[in-house]
Amino acid sequence: MRKHAITILLLLGSAFAAEDAILRNGFSIRHDHRETLEQGRTTRLYITADGKSFVDLPTENISSFEKAPVEPTLPQPALLSVKSTTLADIVHDASDKHLIDEDLIQCIIKAESSFNPKAVSRKGAQGLMQLMPATSRTLGVTDAFDSRANVEAGTRYLHELLVKFNFDLIKALAAYNAGPQRVQQYKGVPPYYETRAYVARIIKDFNRKKLAKSAVSAAANKTSKTSTVARAKKL
């Protein structure tokens, strides 16, 4: 199984090559390129130009494709340190283990706890990825305020939701917020303002991260090519 940069945006390659898949539920997924599978029933959106990150969606869920606008580079948020290990290291390990895009994990942590490892919600959710006590027990977490254990379990839970909902990122995020039973009940994102805002916020933040990285990558490639040409002329 390959890493699913579950989505919603991306571009790693040329900032001008990306396009948006407009979904019938109102959201969009930015990707580098795409292909159809299973006689057209499934569309695979490749999040990265190298094809290592992708997400599969039922073709019927996509209403159209549009050329993606180019957005300016945005600064990346500082990562907090957890003891001698940074949150970036913890997220990287969880990403590799459960095949979830690192930026997506960071976006969920930001939305859930604002990077506060001791955060507790009014409903009792705990830690960086705001695990409910029952969920923590199910996932084998004895200390939800242990950043590594919390992120590892939260990422594992997200992967389980993705598998459950056929790698539909929007449904998985909605289930992470409102519970999988509600997503099944409403056959999609529940009609709760909090859940809809939560999903939209994560998708928007994820898109910005990918756009920022793509812009930096494009600028670096341009500088590298210019330097190569300059050296060639000197020779």
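## Observations concerning the overall build of the protein
Along the backbone of the protein there are 7 helices and 8 strands. Residues counted as buried form 46% of the 235 residues belonging to the protein. Considering only contacts within the protein whose residues lie at least 6 apart along the sequence, 49% involve residues at least 24 apart. As displayed, the protein offers around 12,400 Å² of accessible surface, 52% of which is attributable to carbon and sulfur atoms.

## Considerations on the packing of aromatic side chains
Each aromatic ring pair is specified by the distance between its two centres and by the angle formed by the two planes. Scanning the model with the defined rule gives 2 aromatic pairs in all. Taking the centre distance of 5.6 Å and the plane angle of 50 degrees together, the rings of Tyr157 and Tyr176 count as tilted. Residue Tyr157 is located in helix H4 (residues 147–164), and its partner Tyr176 is located in helix H5 (residues 169–178); the two are separated by 19 residues in the primary sequence. Take Tyr157 and Tyr176: they sit in the same class, and that class is buried. Between Tyr186 and Tyr192, the aromatic rings sit 6.0 Å apart at their centres with planes inclined by 80 degrees, giving edge-to-face as the arrangement. Residue Tyr186 is classed as partly exposed on the basis of its relative accessible area, which comes to 37%. Looking at Arg34, its charged tip hangs above the ring of Phe65, at a distance of 3.6 Å from the centre.

## Considering the packing of helix H1 (residues 87–98) against H4
The geometry of H1 relative to H4 is characterised by a closest axis approach of 9 Å and an angle of 35 degrees between their N-to-C directions. Helix-helix and strand crossings are classified by hand; for H1 and H4 the assignment is right-handed. From H1, Leu87, Ile90, Val91, Asp93, Ala94, Lys97 and His98 reach across to H4, where they touch Ser147, Arg148, Val151, Glu152, Thr155, Arg156 and His159. Tallied by class, the residues present in the contact of H1 with H4 amount to 5 nonpolar, 4 polar and 5 charged.

## Remarks on the side chain of Asp168
In this structure, Asp168 sits in the loop between H4 and H5. Here Asp168 is buried and forms no salt bridge, its nearest opposite-charge partner Lys171 lying at an N-O distance of 4.4 Å. Residues within four places of Asp168 in sequence aside, it is in contact with Leu57, Asn61 and Leu162.

## Things to note about the sheet that holds strand S2 (residues 28–31)
In space, the 3 strands of this open sheet follow the order S2-S1-S6, with antiparallel pairing throughout. Whereas interior strands pair on both sides, the edge strands pair on one side only; in this sheet they are S2 and strand S6 (62–67). For this sheet, the mean angle separating the axes of adjacent strands, direction not counted, is 25 degrees.

## Quick word on H1
What sets the pattern is the α-helix's 3.6 residues per turn: residues three or four places apart point alike. Here H1 contains 12 residues, and its C-alpha end-to-end distance of 16 Å stays within 8% of the 16 Å for a straight helix at 1.5 Å per residue. Where H1 is concerned, the buried positions are Leu87, Ile90, Val91, Ala94, Ser95 and His98. Down the axis, H1 shows its buried residues gathered within 135 degrees of arc, on one side only. Leu99 sits one or two residues past H1 and shows a positive phi near 60 degrees.

## As for the environment of Ile202
With respect to the helices and strands, the residue Ile202 is situated in helix H7 (residues 193–234). Accessibility expressed as a relative area gives 1% for Ile202, which makes it buried. Remark: the alpha-carbon pair of Ile202 and Glu112, spanning 90 residues in sequence, is separated by 9.7 Å.

## What about the layout of surface pockets?
Put simply, the largest pocket is a space of about 670 Å³. In terms of lining residues, the largest pocket is bounded by 21 residues, among which Glu112, Lys123, Ala125, Asn177 and Glu194 are the most central. Of all the secondary-structure elements, those providing two or more residues to the lining of the largest pocket are helix H2 (102–113), H5 and H7. Its residues assigned to classes, the lining of the largest pocket comprises 10 nonpolar, 6 polar and 5 charged.

Rules behind the numbers
- Residues numbered from 1 in each chain as written.
- Predicted model: local features only at pLDDT ≥ 70, side-chain atom pairs only at ≥ 80, totals over all residues.
- Heavy atoms only, no water.
- Helix = DSSP H or I, 4+ residues; strand = E, 2+ residues; numbered from the N terminus.
- Buried < 20%, exposed > 50% of the residue type's maximum accessible area, 1.4 Å probe, protein only.
- Contact = heavy atoms within 4.5 Å.
- Areas by Shrake-Rupley, 256 points an atom, 1.4 Å probe, with all protein chains shown as cover.
- Phe/Tyr/Trp six-rings, centres within 6.5 Å; stacked < 30°, edge-to-face > 60°.
- Lys NZ or Arg CZ within 6 Å of the ring centre and 35° of its normal.
- Axes fitted to C-alpha atoms, helices over the stretch in contact; angles between N-to-C directions.
- Left-handed = near helix turned anticlockwise from the far one by under 90°.
- Nonpolar A, V, L, I, M, F, W, Y, C, P; charged D, E, K, R; others polar.
- Lys, Arg positive; Asp, Glu negative; His and termini not counted.
- Salt bridge = Lys/Arg side-chain N within 4 Å of Asp/Glu carboxyl O.
- Pairing = 2+ DSSP bridges.
- Expected span 1.5 Å × (residues − 1).
- Arc of directions from axis to C-beta.
- 1 Å grid on protein atoms, 1.4 Å probe; cavity = no way out; pocket = protein on both sides within 12 Å on 5 of 7 lines; lining within 4 Å.
- Points joined across faces, edges and corners; volume = space filled by probe spheres on them.

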